[in-house]
Amino acid sequence: MRMPHLPESYAGKGGQVMNHFMILAVLLPLGTCYTSYSQQESVVFPVTYLNISKDLDLQRLLVEWDVVKSAHDAELAMSFEIQVRRTDEATTVWTEFHNVTLDKLRKPLHWTWDSDIPLECMSHAVRIRSKAEASKIWSKWSLWETVPGLDNSNRSGPQIFPKEKFLAEGSDITLCCIGGKGQTIKEFSVYPTVDVLKHTNSQVRLLTVENLSHDKGSNIHFYCYDENGQLHQAAFFVGKPPDTPKDFSCHTQDMKRVTCTWREAETYLYGRNSPRYTLSKTSSPKIALCKASCSKQCSCSWDIGHQRIWNVTVTVENPLGKKTATHVFDVNHRMYPTAPFQVWEDCTDTEITLHWNYENSGIELFCQTEVLQPDGKVELCSCVFQHNSSVADSRRVTVRGLQPYTEYRARVRCGAAEHFWRWSEWSQPLTARTKEGTPSGKLDIWREITPVLGGRTVTLFWKQTPSFQANGKIISYEVTWKKIEDGSKPESISFSSVYNSTRIFIDNHSYRISIMAKNNVNFSLPSVLIISRATNNSTEELKEGQVNGTDDGIFISWEPRSIYDSYIIDWCNFPRLQPCDLQWKRFAPNTSSAVISSVAFVPGVRYKFCIYGSIANRASLLEKKIGYLRELPPRLDPIVRKVDLNYNSVTLSWDSYLTNESEPGFVRGYHVYVSPVQGNCNLKGSKKHILSDESELCKYTIENPEEKRYTVKHLMPNTKYKIVVKAFTGGGETPITDFRYIDTPCNSNILYFVFLVVIVPTLVAAICHWKMKWVKECCCPAIPSPNKSKVLSFKEFKIDSEKVMKINDCLPDVLATDSDAEVQKLRPVTWSSLSSISSEDKIDGHNSSWIYPSENVVRDFPPTPTHQTHTCFENFAYSSPLEAESDPYHIPETLEAGRTNQAVMLYQPQCYLDIFHEDAASTAREIAERKNSLRYISQTDIRCLGERL
């Protein structure tokens, strides 16, 4: 069909209409969406329905609510804010946001909340508000919807919530006690006492227990008292939820009945609250196969019939929870045979044959025998048995290579030879002893030789060594001895098994001695000793060497010799007793030292060791040793017999110290202790030693035990000292208890010095004091005073009440001038020559002295026979009235006019002696006469003149 042709103008207009229509078709949905979105932003959808209920078993609030139908129709994504409040609390206890997308089915919305306190304790209220997720505007809150608690009920007495229940260990619980209507709670407590947190008001009290534990008991009791004394109590059981059964496995012992076992875990809930176990097919969990019983472990058994593959589940539950375990097995692979029974034995000296019975299960068994030896070693023997009989059968196994006359313990167990899974339990142990056999090995023998008159006494000793096997009960020992040289008939003697030594007498020849042990079967191999011929040649006594003890025993060494095939050391365990319990020990030829130990060794006892070399059963003494397990201090101190004292030293001498076998150690030397009684000691060359009371001593060590004398030097004179001498061993010395006291004498040299410095001057001073007048006259004679002189008895010569004399009444001792210039100022007079004056010419005990002009030197002029002219000077010192300030060398004419006559009266020289001219000399008689006519005034009365005379 052909379409009509439209004008072009019409076609253009139609196209424009089509375009407008397409634009409208696109914009209309967009406008609808925009309008809907705008409504969501501005329109709220309040809660129209709210309902609250509670699940007391779970202590949970169940909240149900709904919104307007338009929100469901729009399938909006909504947000809800939910708040929970308790009636006694002003604030909200819980706030949560719940997001959900609505659907057109208009199903109500649900929300749950688990309370941390029992819902019975108080009322709870819930309110909700909503908003579209695209909106920012919340609806108004719904009204509070309240679910009432029991705090507002009409009760007659207090109640505790929640009711009886089981509590998991480690959890927290909050309880409340509600008082009766109008009653308040007086006390709310728990027993046993645990840490609790308490919240309280007048009618409801809360008590929170955190981290529950069964340590204080599986039961916890709460007690609540109101103000009327009414009591309500509640008990709670603290335990653990069950754990998954451990070691869950199943087996069969007869291919008819299967038993499953597992290990029970501790839950701390007992009685009717203890775990309950159910065993069932996994495919039928509600059908139990058997009833479990638990003691040491849990087990459950049932008949298997013809079924061989099983899939079973064990379920364990208690009030706190439930756990399961599953096990899949093939009965053919779970064979666990019963233990063998009725075990008995047949024995020889080296074999044991075991017999046993067991129930025949019709399968091939693999059995194992365990033999426990006396040394603790275990020997296992395995064998396979085929059983095709339906009755009990007997089987046996032989264990070989055992020791004769030895007790063994044996037991048997079996397992499936094919598809082995597990051994059966062991049979009851059987104790069996092998029969006796011939003794193996040789006895270890030794001897002690004592020379006696006509021969020697030989004491023989024997013992069993680890290499010797009696292989039965030893009933006797046989000793045989025979002289080697002449081949004489041997002698023998038998002893009971209780003896281990004997004594025989032999002469001085060589002997061969053998000893054998005998049991009920036969003799052992002989042990041989060769006793050499006795000789009269005296051998040098061996010197005893000293050995030291260690933690393990006493260490001994010796010089090895290549010719010996073994070494023997013997000693006495009790050297102070008789018999001394002689012991010995053998060593290989390449050994040169050993540690000898014995339970009999004690500290402080000296032990003597003899070392022998043996070749071809013939022993020779090589060395001797003595020593201690541990040395102890000496029992006694050295006795000091002599003490030589000096003012600065002391010499001590003591007796020789006894070093016999009774001493508890070897004396190594001596210690000398010294200290002053007052104060500490610091003598040169000593060491400090502190006692237990912290007092200090000086210690000197003498390392030579043979020394018996010692001198302590550098002591202080006239001092009291305490001193003691101690012997020391390797074990030290005994404590210091007693001292010897000495007093050092005074130093005589010091006494002499003191005598010379103190005593002698003191005596001299005393004598001088006693004879003071005499000493004074001898040493310091008094200068005569003119006032008291008898010579001055002339009343006519006085000046100012002082007596004076003429110069010719006294002879001056010395006249001196300072210089020739001064001499020239004086008035010289030439005197007649003086004749020589002999040395013995003395008047009144005074030598005549003459003045000569020299440099202040006073000298005596010897008389000269030659004729010389001398000059005589006037001495103004004899004019006492002269003032001190006047010039002593000024001539009298220079004095004041008022004093001229007086001065002339005082001093009128009788002569002027020219002592410088030979012709001025006179005879000795004339000179003496002139000397006698001289008079003088005491120079001590002249204040100034004497300084220049």
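Refer to the preceding data block for the structure.
What counts and what doesn't
- Residues numbered from 1 in each chain as written.
- Predicted model: local features only at pLDDT ≥ 70, side-chain atom pairs only at ≥ 80, totals over all residues.
- Heavy atoms only, no water.
- Phe/Tyr/Trp six-rings, centres within 6.5 Å; stacked < 30°, edge-to-face > 60°.
- Helix = DSSP H or I, 4+ residues; strand = E, 2+ residues; numbered from the N terminus.
- Buried < 20%, exposed > 50% of the residue type's maximum accessible area, 1.4 Å probe, protein only.
- Lys NZ or Arg CZ within 6 Å of the ring centre and 35° of its normal.
- Salt bridge = Lys/Arg side-chain N within 4 Å of Asp/Glu carboxyl O.
- Core = buried A, V, L, I, M, F, W, Y, C linked by side-chain atoms within 4.5 Å.
- Contact = heavy atoms within 4.5 Å.
- Pairing = 2+ DSSP bridges.
- Axes fitted to C-alpha atoms, helices over the stretch in contact; angles between N-to-C directions.
- Patch = residues over 30% accessible without salt bridge, like charges linked within 9 Å, V, L, I, M, F, W, Y side chains within 5 Å.
- Areas by Shrake-Rupley, 256 points an atom, 1.4 Å probe, with all protein chains shown as cover.
- Disulfide = S-S within 2.5 Å.

Here we look at the packing of aromatic side chains
Inspection of every chain in the model, using the stated rule, returns 26 aromatic pairs. For the ring pair W94 and W113, a centre distance of 6.4 Å and an interplane angle of 45 degrees mean the geometry is tilted. Taken together, the residues W94 in strand β4 (residues 92–101) and W113 in strand β5 (residues 109–114) connect sequence positions 19 residues apart. Judged by its relative accessible area of 38%, W94 falls in the partly exposed class. By relative accessible area, W113 is classed as buried at 6%. Look at F420 and W423: their rings are 5.1 Å apart centre to centre, the planes differ by 70 degrees, and that puts the pair in the edge-to-face class. The class for F420 is partly exposed, based on a relative accessible area of 40%. Here a set of aromatic residues connected by ring pairs shows up, and it is made of W462, Y477, F495 and Y499. Over the aromatic face of W138 sits the side chain of K131, whose NZ or CZ is 5.4 Å from the ring centroid. In this structure, R447 is placed above the aromatic ring of Y612, and the distance from its NZ or CZ to the ring centre is 5.2 Å.

A word on the pattern of salt bridges
Applying the stated criterion across every chain yields a total of 21 salt bridges. Residues D114 and R60 are paired through a salt bridge, measuring 2.5 Å at the closest nitrogen-oxygen approach. Separated by 54 residues along the polypeptide, D114 in strand β5 and R60 in strand β2 (residues 60–67) bring together distant segments of the chain. Its relative accessible area of 44% is what places D114 among the partly exposed residues. Judged by relative accessible area, which is 27%, R60 ranks as partly exposed. Measuring nitrogen to oxygen at the nearest pair gives 3.6 Å for the salt bridge that ties E407 to R433. On the criterion of sequence distance, the pair formed by E407 in strand β29 (residues 407–416) and R433 in strand β30 (residues 430–433) is long-range, its members being 26 residues apart. Taken together, the shared-partner salt bridges connect K483, D486 and D507 into one network.

Quick look at the nonpolar core
In this structure, L61, W65, F80, V126 and I128 are the most contacted members of the largest nonpolar core, which totals 24 residues. Elements that contribute at least two residues to this core include exactly β1 (47–55), β2, β3 (77–86), β5 and β6 (124–132). W65 has contacts with V47, Y49, L50, F80, I82, H98, P108, L109, H110, W111 and I128, leaving out every residue within four places of it along the chain. C298, W310, V314 and A325 belong to the second largest nonpolar core, which has 22 residues in total.

With respect to the sheet that holds β4
Strand order in the open sheet formed by four strands is β4-β3-β6-β7, with antiparallel pairing between adjacent strands. Edge positions in the sheet fall to β4 and β7 (145–147), since each of these pairs with one other strand and no more. The sheet shows a mean angle of 25 degrees between the axes of neighbouring strands, taken without regard to direction. Inspection of the sheet shows β3 paired to β6 by nine bridges, in the antiparallel sense.

Here's the deal with a nonpolar patch on the surface
A cluster of nonpolar side chains, L756, V757, V758, I759, V760, L763 and V764, forms an exposed patch at the surface whose accessible area comes to about 560 Å². With respect to the helices, strands and loops of the structure, V764 is situated in helix α3 (residues 748–770). Judged by its relative accessible area of 44%, V764 is partly exposed.

Some details on the state of the cysteines
Evaluation of the coordinates by the stated rule reveals eight disulfides. Between C121 and C176 runs a disulfide, and the two sulfur atoms are separated by 1.6 Å. Every disulfide takes its handedness from the sign of the S-S torsion; for C121 and C176 that torsion is -90 degrees, giving left-handed. Placement of the pair is C121 in the loop between β5 and β6 and C176 in strand β10 (residues 173–178), with a sequence separation of 55 residues.

Focus: the sheet that holds strand β49 (residues 696–702)
Here we have five strands laid out as an open sheet, ordered β48-β49-β47-β51-β52, and antiparallel in their pairing. Each edge of the open sheet is held by one strand with a lone partner, namely β48 (687–690) and β52 (740–743). Geometrically, the sheet is characterised by an average inter-axis angle of 35 degrees between neighbouring strands, direction not taken into account. Relative to β49, strand β47 (residues 667–676) runs antiparallel, the two being bridged by five bridges.

A short note on unusual backbone geometry
The residue after F161, namely P162, is reached through a cis peptide bond having omega 0 degrees. With respect to the helices and strands, P162 occurs in the loop between β8 (159–161) and β9 (165–168). Residues Q578 and P579 are joined by a peptide bond in cis, for which omega reads -5 degrees. Within the chain, Y268 stands out as a residue other than glycine whose phi angle is a positive 65 degrees. By the element assignment, Y268 lies in the loop between β17 (257–263) and β18 (276–281). For H714, which is not glycine, the phi torsion reads 65 degrees and is therefore positive. Take H714: it is sitting in the loop between β50 (709–712) and β51 (720–729). Of the residues examined, H714 reaches a relative accessible area of 43% and is grouped as partly exposed.

Digging into the pairing of strand β13 (residues 204–209)
With five of its six residues buried, β13 lies for the most part within the structure. Bridge analysis of β10 against β13 gives six bridges, and the strand direction is antiparallel. Bridging from a neighbouring strand, T174 pairs with T208 of β13.

A short note on the side chain of S139
Assignment of secondary structure puts S139 in the loop between β6 and β7. Given the relative accessible area of 4%, S139 is considered buried. Other than its neighbours up to four places away in sequence, S139 contacts V44, F45, P46, R129 and S130.

So, the side chain of T457
Its location among the elements puts T457 in strand β32 (residues 455–463). Discounting residues that sit within four places of it in the chain, T457 has contacts with E448, I449, T450, V452, R503, I504 and F505.

Some words on the environment of I504
Secondary-structure assignment places I504 in strand β35 (residues 501–506). Judged by its relative accessible area of 6%, I504 is buried. Along the sequence, I504 and I449 sit 55 residues apart, while their C-alpha atoms lie 10.0 Å from each other. When residues no more than four places from it in sequence are discounted, the contact partners of I504 are R456, T457, V458, L460, W481 and I513.

Observations concerning the environment of W426
Of note, W426 is situated in the loop between β29 and β30. For the pair W426 and F341, spaced 85 residues apart in sequence, the C-alpha separation works out to 9.3 Å. Those residues within four positions of W426 in sequence are excluded, and the remaining contacts are A339, Q368, E370, R411, V412 and R413.

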